[in-house]
Amino acid sequence: MVASLACIGPMRPTRADSGDILRQLESKGAKITSTKGAFSVSIRDCSMWNDADFKSLSGIGTVTNLSVGLGFRESSLPSLTGLTDLEIFSSNGMEFTDKGVGGFAQFPKIRRLAFFHPPKNFPGVGLSRLANLKNLESLTVAGSFSFGDEGMAALCTIKSLKHVRVWHAGNTNEGIKGLKELPALESLTLGQRLTHQQPACPDDETIALLLDVKKLKSLLLQEVRYNYESLVRLGKLPELKELTLDGIDVSEADVERLKKELPNVRVNRTKPTDVFMT
């Protein structure tokens, strides 16, 4: 007896089909690599891609890592529904809104999200829509002054976060206060706002606020002036193991003093450039 095709369900692409799809997507600028059967896809320019192209990504196999650039819009997110194993997503210049960012909730396995240069109409309050993503451990927002304290408050509703990176954004220390509400937070990157206007953030007051983030193990501070008295207070963080001062305006002598005062913390430092310290 011949079984009805309707009972078989949707057919998976054959290896030959997958190869054809892969070559088609590469011809449109996608860079695709494979490690142990899992695919990583990078699309620097999405301007020539349509929804059918994004849908076909699920046809190449198990995609766990997707990076998109200019031209990717939130309206294309439904076309990625087939990427059920997606764990890492990053964007640079993606066009999306606070309502649209909720579309990432369709990826239950997502572990890392990074939004570089998000649009001006993204203050970040929509991040609270991702609070139920239990596997989401890492979140980056960088390169938009529109992302401010309201966005930080929304970010702090995602209790599963272990790694947070925020720089060149619009938040103040009011937003930094909420980080103590993240019970699993162990790695933090903070960089200056680049507005060249007050209030500065992060600053010496920020250091005092970070002392409430008790599980912090790794802290990276970028492009800011601190006094030695503030930095040495970081020794009060019971689990801190690494402190990176990237472009921090502090003397070499104070760096050496800091290393001696924090013997259990690996202190790294790069000198500031004129671009950030003028």
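Just above, that's the structure.
Summarised in this report is the structure supplied together with it. (Residues numbered from 1 in each chain as written. Predicted model: local features only at pLDDT ≥ 70, side-chain atom pairs only at ≥ 80, totals over all residues. Heavy atoms only, no water.)

What follows is about the pattern of salt bridges. Scanning the model with the defined rule gives 13 salt bridges in all. The salt bridge involving D20 is made with R23; its shortest N-O contact spans 2.6 Å. Taken together, the residues D20 and R23, both in helix α1 (residues 15-26) and three residues apart, mark about one turn of the helix. Look at D20 and you get partly exposed, because its relative accessible area is 45%. The shortest N-O distance in the salt bridge between R257 and D254 comes to 2.9 Å. Taken together, the residues R257 and D254, both in helix α7 (residues 252-261) and three residues apart, mark about one turn of the helix. Exposure remark for D254: the relative accessible area of 17% places this residue in the buried category. The network of salt bridges with shared partners includes E252, R269 and K271. (Salt bridge = Lys/Arg side-chain N within 4 Å of Asp/Glu carboxyl O. Helix = DSSP H or I, 4+ residues; strand = E, 2+ residues; numbered from the N terminus. Buried < 20%, exposed > 50% of the residue type's maximum accessible area, 1.4 Å probe, protein only.)

Residues F89 and L127 are the most contacted members of the largest nonpolar core, which totals 77 residues. If sequence neighbours within four positions are ignored, L127 has contacts with V101, F115, F122, L139, V141, F147, G151, A154, L155 and I158. (Core = buried A, V, L, I, M, F, W, Y, C linked by side-chain atoms within 4.5 Å. Contact = heavy atoms within 4.5 Å.)

This part is about the sheet that holds strand β4 (residues 88-92). As summarised here, the arrangement of the eleven strands in space is β1-β2-β3-β4-β5-β6-β7-β8-β9-β10-β11, forming an open sheet in which the pairing is mixed. Each edge of the sheet is formed by a strand with only one pairing partner; in this case those strands are β1 (31-35) and β11 (266-270). Going across the sheet, the axis of each strand differs from the next one's by a mean of 5°, ignoring polarity. Alignment of strand β8 (residues 187-191) against strand β9 (residues 218-222), held across five bridges, turns out to be parallel. When the bridges of β9 are listed, L188 appears paired with L219. Where α7 meets the sheet, it contacts β10 (242-246) and β11, and its direction lies at approximately 165° from that of β11. (Pairing = 2+ DSSP bridges. Axes fitted to C-alpha atoms, helices over the stretch in contact; angles between N-to-C directions.)

Evaluation of the coordinates by the stated rule reveals zero disulfides. Of all cysteine sulfurs, the one in C201 lies closest to C156, which takes part in no disulfide; the gap is 12 Å. Judged by relative accessible area, which is 5%, C156 ranks as buried. (Disulfide = S-S within 2.5 Å.)

The next point concerns the environment of D204. The residue D204 is located in helix α5 (residues 204-210) in this model. The sequence separation of D204 and Y228 amounts to 24 residues, and the corresponding C-alpha distance is 9.5 Å. The contacts of D204, once residues within four sequence positions are left out, are Y226, N227 and S230.

Attention now moves to the side chain of S90. Along the chain, S90 turns up in strand β4. Polar side-chain contacts of S90 include one of 3.2 Å to the side chain of S67. Filtering out sequence-adjacent residues up to four positions away, S90 remains in contact with L66, S67, V68 and A114. (Polar contact = N/O pair within 3.5 Å; in protein donor to acceptor, adjacent residues only side chain to side chain.)

Let us look at the pairing of strand β6 (residues 138-144). The buried count for β6 comes to six of seven residues, which makes it a mostly enclosed element. Pairing analysis gives five bridges linking strand β5 (residues 112-116) to β6, with the strands arranged parallel. Residue R112 lies in a different strand from β6, and its bridge partner there is S138. Alignment of β6 against strand β7 (residues 163-169), held across six bridges, turns out to be parallel. Looking at the pairing, L139 lines up with V164 of β7. This β-α-β element, β6 to helix α3 (residues 149-155) to β7, shows right-handed connectivity. (Right-handed = clockwise from strand over helix to strand, strands pointing away.)

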